[in-house]
There are 4 protein chains.
Amino acid sequence: MYYFTNDYSEGAHPLIMQKLLETNMEQTDVYGSDQYCANAKALIKTACGREDADVHLFIGGTQTNFTIISAALRPFQGVYSSFLGHINTHEAGAIEHTGHKVLELPTADGKLTAHQIEENYLIYLNDPKREHWVQPKMVYISHPSEVGTLYTKKELEELSAACKKYGLYLFLDGARLGYGLTSPGTDLTIKDIARLCDVFYIGGTKCGALFGEAAVILNPALKPDFISIMKQSGAVLAKGRLLGLQFQTLFTDNLYETICRHGINMAMLLKKAFEEKGLPVVAESFTNQQFPILTEKMYETLTKKYGIGSWEVFDNGTRAVRFCTSWATSEEQVNNLINDLKKM
Amino acid sequence: MYYFTNDYSEGAHPLIMQKLLETNMEQTDVYGSDQYCANAKALIKTACGREDADVHLFIGGTQTNFTIISAALRPFQGVYSSFLGHINTHEAGAIEHTGHKVLELPTADGKLTAHQIEENYLIYLNDPKREHWVQPKMVYISHPSEVGTLYTKKELEELSAACKKYGLYLFLDGARLGYGLTSPGTDLTIKDIARLCDVFYIGGTKCGALFGEAAVILNPALKPDFISIMKQSGAVLAKGRLLGLQFQTLFTDNLYETICRHGINMAMLLKKAFEEKGLPVVAESFTNQQFPILTEKMYETLTKKYGIGSWEVFDNGTRAVRFCTSWATSEEQVNNLINDLKKM
Amino acid sequence: MYYFTNDYSEGAHPLIMQKLLETNMEQTDVYGSDQYCANAKALIKTACGREDADVHLFIGGTQTNFTIISAALRPFQGVYSSFLGHINTHEAGAIEHTGHKVLELPTADGKLTAHQIEENYLIYLNDPKREHWVQPKMVYISHPSEVGTLYTKKELEELSAACKKYGLYLFLDGARLGYGLTSPGTDLTIKDIARLCDVFYIGGTKCGALFGEAAVILNPALKPDFISIMKQSGAVLAKGRLLGLQFQTLFTDNLYETICRHGINMAMLLKKAFEEKGLPVVAESFTNQQFPILTEKMYETLTKKYGIGSWEVFDNGTRAVRFCTSWATSEEQVNNLINDLKKM
Amino acid sequence: MYYFTNDYSEGAHPLIMQKLLETNMEQTDVYGSDQYCANAKALIKTACGREDADVHLFIGGTQTNFTIISAALRPFQGVYSSFLGHINTHEAGAIEHTGHKVLELPTADGKLTAHQIEENYLIYLNDPKREHWVQPKMVYISHPSEVGTLYTKKELEELSAACKKYGLYLFLDGARLGYGLTSPGTDLTIKDIARLCDVFYIGGTKCGALFGEAAVILNPALKPDFISIMKQSGAVLAKGRLLGLQFQTLFTDNLYETICRHGINMAMLLKKAFEEKGLPVVAESFTNQQFPILTEKMYETLTKKYGIGSWEVFDNGTRAVRFCTSWATSEEQVNNLINDLKKM
C-alpha cells in the first residue's frame, strides 16, 4: 500500500533529521530563547522582506490558529471564515473555546472575496443594534485553501484593502504555504503575503518538518505580549530549539521551496492523468491536493493499492476523493498510480 | 407616537406592581431562598404538570440562554440553532464566550425539523475523524420562533424523539411563550413542552413582568449544581424575591395566559388588517409578532405616527417590518393604526 | 424576628417604588437607550465631577465585576485582590470563568496598600521568565471593604499613584459606597474616587434600590465597545429604564446620601453599644457592617429575636458575627437590640 | 560553560534519536492512530499494572495540565494546588483561561497533606452559601514537587483516601516522575501511583525525550471524549507517531528508569558535596533538583563556569539556587563542579 491520504504521513526531510542529530547533545537556552530560533526567525524575516516582523514558532496548526485569534480579539469580537475553513470544521471548537465566534461565510471554491467581506461587514455596521451582534474584527483565509485553490495577487490585494478599510485584521493560514508558493502560475510571493496580511503563518508540518508552524506578525497592534498568550495556550515548546533548528534548515539554501516544488510536480502529474482520464473535479487545484471525482468502481480498485481520502459520496455512484502529494511523495508510486489509472 | 416596536416598551402588569409595592418593606431571605420564590416555583411546576422539575428564576433572556447552555455542555460540545436563533445573532457572542460553538442550521420559517437534526447529526457521527469536530449535544429552538411561527405538537414530538435517539438535549427558548400558548390554533400546551423538552423557559420580560424568565429543568442530568453556574453567570439576583413575586403573580388565577391572550387578540386584529390590505408577509405568524411587507411609501407614512421595527429592505422599493403587540398594547391604538392603514 | 443579616433584605426606598409606579405604563426605548437612563447618567457624572465619564447601569454586583474585568484585561492578564475580596470568594469563580486569574494578596483589615502592590508587581516585573506568569494589570479594591473598613484619601492617592506608575488599572467596587461616603470621619468624596480610580461603581442594591449598580468609567482605554461586553455578559436589561429610574431618583435631592446616612447612624448606635459592652471586634468599622465578637451564650440569646450573620467560630467559645444596617433599618429595632444587649 | 540550569537543555537520548531516524520515511497513520502510539500505550499500561487505563500522549506539560483539568471540571469547579504548584505560577494563567480557579494552599515543602485538603474542603462544604463559592473538585500535586520533595506511599494513600471521601479527583503532575521513581529511599512505585490517583502523567521532556508527556487516566469518569478536548486544546500532534516512538523507546528495556537513575546519581553527588560544605538547603531533596543556599561570593565564582538557576535572594547576602541534573548530565562536569566547590 502507498498512501496519498495526507501530506504528513512521513517524518521530516533528511536534512532536518541530520541537523537534529548533529546538535542533539548541545546545551541550549530553553523556551525558544536559543540561537537556532534566533537564526530561524532572522531567515524568515529576510524571506518575507520584513525586518520589522515578529516571528513566533509554534508546534501545530490548531494551536497557531487559536493563539493568534485569541491574541488579536477582544471578547465580543469574531472572525470571518469560509464554512470550509479549518477553524470552522476540524478544530473541535478551539476558537469558540477561547471565546470567539467564527462568522461562517459561504464559498464555492474555498476562498473569500473582498466584496463578500464588505457586504457582510456593512450589514453589521449599519445595524442600529450592532452592539448586540458579535463584532467582526478578523478575516481568516487559507492559502492554499482547504480545496487546493489559490488567491491571486489581485484578489489578496482587494481583500487586504477591504480589511484595512473596515479595521479588520487579515490572517492567512499557510499550513500548506510551500505548495502555494511553488504552484505553477501563482503570482503571489511570500513578500506579497507579508505586505498584504496582518499576520500569517508558514506551514512546516506539511512541508518537510517533523512539526512546526512559523507565525509572522506584521501589524504592530498584534505584537505586544504575544509570548504570554503562547505560553497560556501551551504553545511554548520547552526545547524550543527543535523548532529553530527545523526552520533554520528549511530557510537555508531554499530548501523549503525546493522540496515543496517536488510535491507540486507530483501533484501536476496526477492532475494531468486525471484530466486525460476525463475526470471531473471538486475545484480546479494547482497545488498538492487534487480532488477528482471517481466512479465507485475506480475508487474500489484504486484503494486496494493506494491510500486515498474520501471527500464526499454522491448519489449517482461517484465519489469525490482527495489525493495529497508532498515533499516526500515517491515519483515511482505516482507513476504506478497513473499507470493503474490508465488501465481502467 | 405609539410604539409597536417591541413587546417590552412598558413596565409590568399593574397586579405585579401592586404586589411589589405591598411587600416592599418586608424582610425576606435573599438570593432566591425566600417564600415568594418557593411559591412561584411550586405554581410553575403545577402548571407544567411536573412536580419533579427544577425551576430557576433568571433576570433576562441572554443570561438564561448562556447559563443553561454552559451548564449542560462539556467544552468540546456545541448547540444546533437556526441561523435566525437569538443565540446565533443578538447576544454578542455570549454562547461562544462560555466556550461553545453555535452550530448554525438553515431555516425557511424559523423552525428546525427532526429530519434536519438527524441528517446533520449523522454527518458528525459517521465521520471517522469526528473527534476533530465540535460534538453536537443540544438543540436550541424558540417557541414562538424569531419570526413568530409555532411548532405543532407533532413537530415537537418528532424533534424530541430525534434528540432522545442521539442523546441531544432539547432546549426551548420561551421568551415569548405566553404568546405561543394563547395563539389561535396551537395544539401545544405547557404540559406538552414540559414532557418533550429537557429544559425550557417561560418568558416574563415580554409577557407582563418587569423582568424575569423562569427556567424549567426536566432532565435530571441538567440539575446538579445549577445554582453555582447561575451565580457564576451573574444570574442570581440579590433580592431574588422580586422574581418570586412576579412569577407568583403571573401564575395565580391564570394571569399569564389572560394577559398574553390580549396581546394575541391585538396581533390578530393587525394580521386581519394586513391580509385585507393584501400585504405579503415574511412568515405567516399567529403570534404577537407580525411581519408584513410594506411599500416604502406606506412605511414612511405610518412611521410618522407609529413606532415600527424595520426588518429587511428589499431592492424593489418594499420593506419587511415587524409589529409587536403585547399584554400592554392599547386596543384604541391598534384601531387607529388599522384605520390609517385602510385609508392608504 | 428582626433581621440584621443583610443590607438587602427589603425592597426599595418608597420614592423609587413611587417613581416606578408613576411611569409604569409609559412606552420608552429599550436596553438603556431611554431618557431615564440618560438622566441618571447625567446626574451621576455631575455628582462625580466628571462630565467625561462613561456611566453604565448594571443589575448586580457579580455581573458588574466580571464584565468590567473582562472588558479591561487581555487573556493572560490578572487582577490583584485581597484574599477577602468578593471576586475571590463569593462569585463562584465568575472572574476565572471569563479567563482571568485573581491574584490573591494578604490583608489584615480588608484593604490593599500601595506598598503591597508595588512590591508584588516588582516581583513579576523583575522575573526574567515573567512571560510565564500571569501579568498583573488591574487592582480590585472594595470601599467599604468586606470587613467594613475604609480607605483614607491619602491611602487611595498612594494606591492610585502606584497603579499609574506600573500601568495597572485601579477598580473600586462600591457595592456599599453610600455607607462609605456618609461614614463619620471619612475624608474621601465621590469626586476623589472619580479622580483616583480608572473605573468604579456606585452600589444601588444595598443602598436603596430594588437592584442596580452604576459603573463609572474614567479611563478612556476602558470605554470602547463596553456595551458589547455588557450584552455578552447578560448585563443589558431589556427594560433598562428600570435602572435609569432608580438611579435618577437616588441622585435627585441627595437621596442616595440621605438614606445611606440613616444606615450609618443605626450602625453607629450599635457600634457604641458593643463598645460599652466591651466586645472585641474583627476590624474597627465606621460603616454599616459591624463585626463584634460575642460569647456563644450571647449569640444564642440574641438569635432568638434577631437575624445575625455568623462570621467565624473560635475555639474559645466566642464567635465573630456581622450586623448589617441599611437605609431600611428600623431605629426601634436597633434600640430593642441595644436594650437586650445591655441586659446581658 | 556547563549548564545545571534545567533538565531540558539537551535534545533526546540517543536511542530515541536513532528510532526517529530509522522510521523517518515510513508512512504511518496520523494524529496518534499509528502502531507506535499503540505500542507505547500498551507498554505504559503494563508498567502501571493497569490494562484498563486510557493513555494519551501530549507534547508538553502546560498543555497536559490544562487539558486534563478542563476535561475533568465543570465551569464552577476549581482545583486545589500548593501556592508553588506549576499551574499556579508558571503557566501564564492557562488554567484560568479554561475557566477554572486554582485554589491556592500554603505549603512548607511543596507538598499537600490529606489533613489540609479535608480541612479546606469542610470549610466549603459547611458553608450554607457554598453555591457562591468555587466548588473544589480536584487536587493537583507534583511528584517530585517543585522543590524536589517526594510523597511517601503513606502520604499519597492518605491524600487519595481524603480525595475519595469528598469526591475530589487526585491529579499527579509527573513532569519529573522518572527522577521520583529512581530516587534513593522512595517507597512509591508507578503502580502505586496508578492505584492511588485518578489521573497522572509520566514526564518525557525532562526525562530523555525530545518532548512528550504520557497522561494515564484511571478514573472512568475522566475518560469519555478525552481526545476531543485534546484536539480543542491544540494537543493532538499531526505526526503523532513522534510521541509513540519516543515513549515506546523509553518503556522498552527499562530505558526510562535507567537514564533517570543517572540523573539521580549525579544529583546525589552534588547533594553530598553541598552537605560536606555545610550549605543549608531550601528543602531536603533526594531528586534531580538540589536547592542549596550559597553566599553571594560563591554564587558569583561558580556562575563564571556553570549555569545555575537563581531561586531567591536573601537580605543576609546569601542566595538560594537550583542545580538541575538529568539523564544527560556529564559526570565529568559534576566532578569539576565539586572540585571547584571544595576549593572555596
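Because the structure is predicted, anything quoted here is derived from the model rather than measured.

1. Here's the deal with the overall build of chain A
Here's step 1: Along the backbone of chain A there are 14 helices and 13 strands.
Here's step 2: In terms of overall size, chain A behaves like a compact globule, its C-alpha atoms giving a radius of gyration of 20 Å where 344 residues would be expected to give roughly 20 Å.
Here's step 3: Overall size of chain A, expressed as C-alpha extent along the three principal axes, is 60 × 60 × 35 Å.
Here's step 4: For chain A, buried positions account for 65% of its 344 residues.
Here's step 5: Relative to all contacts within chain A whose residues are 6 or more apart in sequence, the contacts with residues 24 or more apart total 73%.
Here's step 6: Roughly 11900 Å² of accessible area belongs to chain A as shown, and the carbon and sulfur atoms make up 53% of that amount.
Here's step 7: The distance from the centre of the 33 positive side-chain charges to the centre of the 39 negative ones in chain A is 1 Å.

2. A few points about the side chain of Asn65 of chain C
Here's step 1: Positionally, Asn65 of chain C belongs in helix α3 (residues 61-72).
Here's step 2: The exposure class of Asn65 of chain C is buried, given its relative accessible area of 0%.

3. Concerning the interface of chain D and chain C
How big an interface is tends to be expressed through the accessible area that disappears when the partners come together.
Here's step 1: In this assembly, 19 residues from chain D lie in contact with 19 residues from chain C.
Here's step 2: Of all residues in chain D, His90, Glu96 and Lys101 of chain D bury the most surface against chain C, accounting for 31% of the area lost on that side.
Here's step 3: Viewed at the interface, chain C and chain D are joined by two salt bridges.
Here's step 4: The interface formed by chain D and chain C holds eight residue pairs in polar contact (both at pLDDT 80 or more) in total.
Here's step 5: For the side of chain D that touches chain C, a count of residues per class yields six nonpolar, eight polar and five charged.

4. As for the packing of aromatic side chains
Residues and elements named next belong to chain A.
Here's step 1: Counted under the stated rule, the structure contains 50 aromatic pairs over all chains.
Here's step 2: Seen from their ring centres, Phe4 and Tyr306 are 6.1 Å apart, and the 45° between their planes marks the pair as tilted. In this pair, Phe4 sits in the loop between β1 (2-3) and α1 (14-22) while Tyr306 sits in strand β11 (residues 306-307), placing the two residues 302 residues apart along the sequence.
Here's step 3: Take Tyr306: its relative accessible area is 2%, and that puts it in the buried class.

5. Focus on the sheet that holds strand β4 (residues 102-105) of chain B
Residue and element names in this part refer to chain B.
Here's step 1: If you trace the seven strands from one edge of the open sheet to the other, you get β2-β8-β7-β6-β5-β3-β4, paired in mixed fashion. Two strands bound the open sheet, and with one partner strand each, they are β2 (54-58) and β4. This sheet shows a mean twist of 25° between the axes of neighbouring strands, independent of strand direction.
Here's step 2: Pairing between strand β6 (residues 169-173) and strand β7 (residues 199-203): two bridges, direction parallel. Pairing of Phe171 across the sheet is with Val199, part of β7.
Here's step 3: On top of the sheet, helix α7 (residues 153-166) reaches β5 (135-142) and β6; it is set at about 145° to β6, its chief contact.

6. What about the domain arrangement of chain A?
Residue and element names in this part refer to chain A.
Here's step 1: Parsing chain A into structural domains produces domain 1 (2-7 + 255-342) and domain 2 (14-250).
Here's step 2: Centre-to-centre separation of domain 1 and domain 2, based on C-alpha positions: 27 Å.
Here's step 3: Of the roughly 1900 Å² buried between domain 1 and domain 2, counting both surfaces, carbon and sulfur atoms make up 64%.
Here's step 4: Counting the contacts that link domain 1 with domain 2 gives one salt bridge.

7. Some remarks on the relation of the copies chain B and chain C
Here's step 1: Overlaying chain B with chain C gives an RMSD of 0.0 Å, the required rotation being 180° about an axis along which the chain moves by 0.0 Å. The two molecules are tied by a two-fold rotation axis, judged by turn and shift.
Here's step 2: Taken together, the interface assignments show that 98% of the residues at the interface of chain B recur at the interface of chain C, consistent with an identical surface on both copies.

8. Regarding the interface of chain B and chain C
Here's step 1: At the junction of the two partners, chain B supplies 47 residues and chain C supplies 46 residues.
Here's step 2: Buried surface at the junction of chain B and chain C, both sides included, amounts to about 4100 Å², of which 59% is carbon and sulfur.
Here's step 3: Three residues stand out in chain B for area buried against chain C, namely Gln27, Gln232 and Lys239 of chain B, and they jointly supply 19% of the buried area on that side.
Here's step 4: Taken together, the connections running from chain B to chain C amount to zero salt bridges.
Here's step 5: At the boundary of chain B with chain C, the tally comes to 27 residue pairs in polar contact (both at pLDDT 80 or more).
Here's step 6: When residues of the side of chain B that touches chain C are traced back to their parent elements, those giving at least two are β1 (2-3), α1 (14-22), α3 (61-72), α5 (94-97), α10 (226-232) and α11 (241-250) of chain B.
Here's step 7: Split into classes, the residues belonging to the side of chain B that touches chain C amount to 23 nonpolar, 18 polar and six charged.

9. Here's the deal with helix α1 (residues 14-22) of chain D
Here's step 1: Of the positions making up α1 of chain D, those classed as buried are Ile16, Met17 and Leu20 of chain D. For α1 of chain D, the angular spread of buried residues about the axis comes to 100°, placing them on one side.
Here's step 2: On its buried face, α1 of chain D sits against α1 of chain A together with α11 (241-250) of chain D.

10. Topic: the sheet that holds strand β4 (residues 102-105) of chain A
Residue and element names in this part refer to chain A.
Here's step 1: Strand order in the open sheet made by the seven strands is β2-β8-β7-β6-β5-β3-β4, with mixed pairing throughout. Looking at the sheet topology across the chains shown, the edges are occupied by β2 (54-58) and β4. Going from strand to strand, the sheet's axes swing by 25° on average, the running direction of each strand aside.
Here's step 2: For strand β6 (residues 169-174) and strand β7 (residues 199-203), the ladder comprises four bridges, and the chain directions are parallel. The residue bridging Gly174 from the neighbouring strand is Ile202, located in β7.
Here's step 3: Along the sheet face, helix α7 (residues 153-166) touches β5 (135-142) and β6 and points at about 140° away from the line of β6.

11. Observations concerning the packing of helix α6 (residues 114-125) of chain D against helix α7 (residues 153-166) of chain D
The geometry of a pair of packed helices is captured by two quantities: the angle between their axes and the separation between those axes.
Residue and element names in this part refer to chain D.
Here's step 1: The contact between α6 and α7 brings their axes to 8 Å, and the two run at 20°. One finds that α6 runs roughly parallel with respect to α7. Note that α6 runs across α7; the crossing there is right-handed. Across from Ala114, Ile117, Glu118, Tyr121 and Leu122 in α6, the residues of α7 making contact are Glu158, Leu159, Ala162, Lys165 and Tyr166.
Here's step 2: A breakdown of the residues in the contact of α6 with α7 according to their chemical character gives seven nonpolar, no polar and three charged.

12. Details of the confidence of the model for chain A
The predicted coordinates ought not to be read in detail in places where the model reports low pLDDT.
Here's step 1: Of all residues in chain A, 100% have pLDDT values of 70 or greater, and the mean over the chain is 97.
Here's step 2: For this predicted complex, the interface confidence score (ipTM) comes to 0.97, while the overall pTM stands at 0.97.

13. Description of the environment of Thr28 of chain C
Here's step 1: By the secondary structure assignment, Thr28 of chain C is in the loop between α1 (14-22) and α2 (35-48).
Here's step 2: It is 8.4 Å that separates the C-alpha atoms of Thr28 of chain C and Lys239 of chain C, two residues lying 211 residues apart in sequence.
Here's step 3: Ignoring sequence-local partners within four residues, the contact set of Thr28 of chain C consists of Ser9 of chain B together with Asp34, Tyr36 and Arg241 of chain C.
Here's step 4: One polar contact links Thr28 of chain C to Arg241 of chain C, side chain to side chain, over a distance of 3.1 Å.

14. Focus on helix α12 (residues 255-276) of chain B
Here's step 1: In this model α12 of chain B runs 32 Å from its N-terminal to its C-terminal C-alpha over 22 residues, within 8% of the 32 Å that 1.5 Å per residue would give.
Here's step 2: Note on α12 of chain B: the residue one or two positions beyond its end, Gly278 of chain B, has a positive phi of about 75°.

15. Some details on the pairing of strand β3 (residues 77-82) of chain D
All names here are of chain D.
Here's step 1: Counting buried positions over the six residues of β3 gives six, a clear majority of the element.
Here's step 2: Side-chain alternation along β3 places Gln77, Val79 and Ser81 on one buried face and Gly78, Tyr80 and Ser82 on a second face that is also buried.
Here's step 3: Relative to strand β5 (residues 135-142), β3 is paired through four bridges, and the arrangement is parallel. Within β5, the position partnered with Tyr80 by the bridge is Val139.

16. A look at the pairing of strand β7 (residues 199-203) of chain D
All names here are of chain D.
Here's step 1: Most of β7 sits inside the fold, with five of its five residues counted as buried.
Here's step 2: Of the pairings in the sheet, the one linking β7 to strand β8 (residues 213-217) comprises five bridges and is antiparallel in character. Paired with Val199 across the bridge in β8 is Ile217.

17. Notes on the side chain of Thr182 of chain B
Residues and elements named next belong to chain B.
Here's step 1: Among the structural elements, Thr182 can be located in the loop between α8 (177-181) and α9 (190-196).
Here's step 2: A polar atom in the side chain of Thr182 sits 2.8 Å from the backbone oxygen of Gly178.
Here's step 3: Other than its neighbours up to four places away in sequence, Thr182 contacts Glu257, Cys260, Arg261 and Ile264.

Cut-offs applied
Residues numbered from 1 in each chain as written. Chains lettered and ligands numbered in written order. Predicted model: local features only at pLDDT ≥ 70, side-chain atom pairs only at ≥ 80, totals over all residues. Heavy atoms only, no water. Helix = DSSP H or I, 4+ residues; strand = E, 2+ residues; numbered from the N terminus. Rg over C-alpha atoms; globule rule 2.2 N^0.38 Å. Buried < 20%, exposed > 50% of the residue type's maximum accessible area, 1.4 Å probe, protein only. Contact = heavy atoms within 4.5 Å. Areas by Shrake-Rupley, 256 points an atom, 1.4 Å probe, with all protein chains shown as cover. Lys, Arg positive; Asp, Glu negative; His and termini not counted. Charge placed at Lys NZ, Arg CZ, Asp CG, Glu CD. Buried area = accessible area lost by both parts, 1.4 Å probe. Salt bridge = Lys/Arg side-chain N within 4 Å of Asp/Glu carboxyl O. Polar contact = N/O pair within 3.5 Å; in protein donor to acceptor, adjacent residues only side chain to side chain. Nonpolar A, V, L, I, M, F, W, Y, C, P; charged D, E, K, R; others polar. Phe/Tyr/Trp six-rings, centres within 6.5 Å; stacked < 30°, edge-to-face > 60°. Pairing = 2+ DSSP bridges. Axes fitted to C-alpha atoms, helices over the stretch in contact; angles between N-to-C directions. Domains from an automatic or database assignment. Least-squares fit on C-alpha atoms with pLDDT ≥ 70 in both. Arc of directions from axis to C-beta. Parallel < 35°, antiparallel > 145°, perpendicular 65-115°, else oblique. Left-handed = near helix turned anticlockwise from the far one by under 90°. pLDDT = per-residue confidence, 0-100. Expected span 1.5 Å × (residues − 1).

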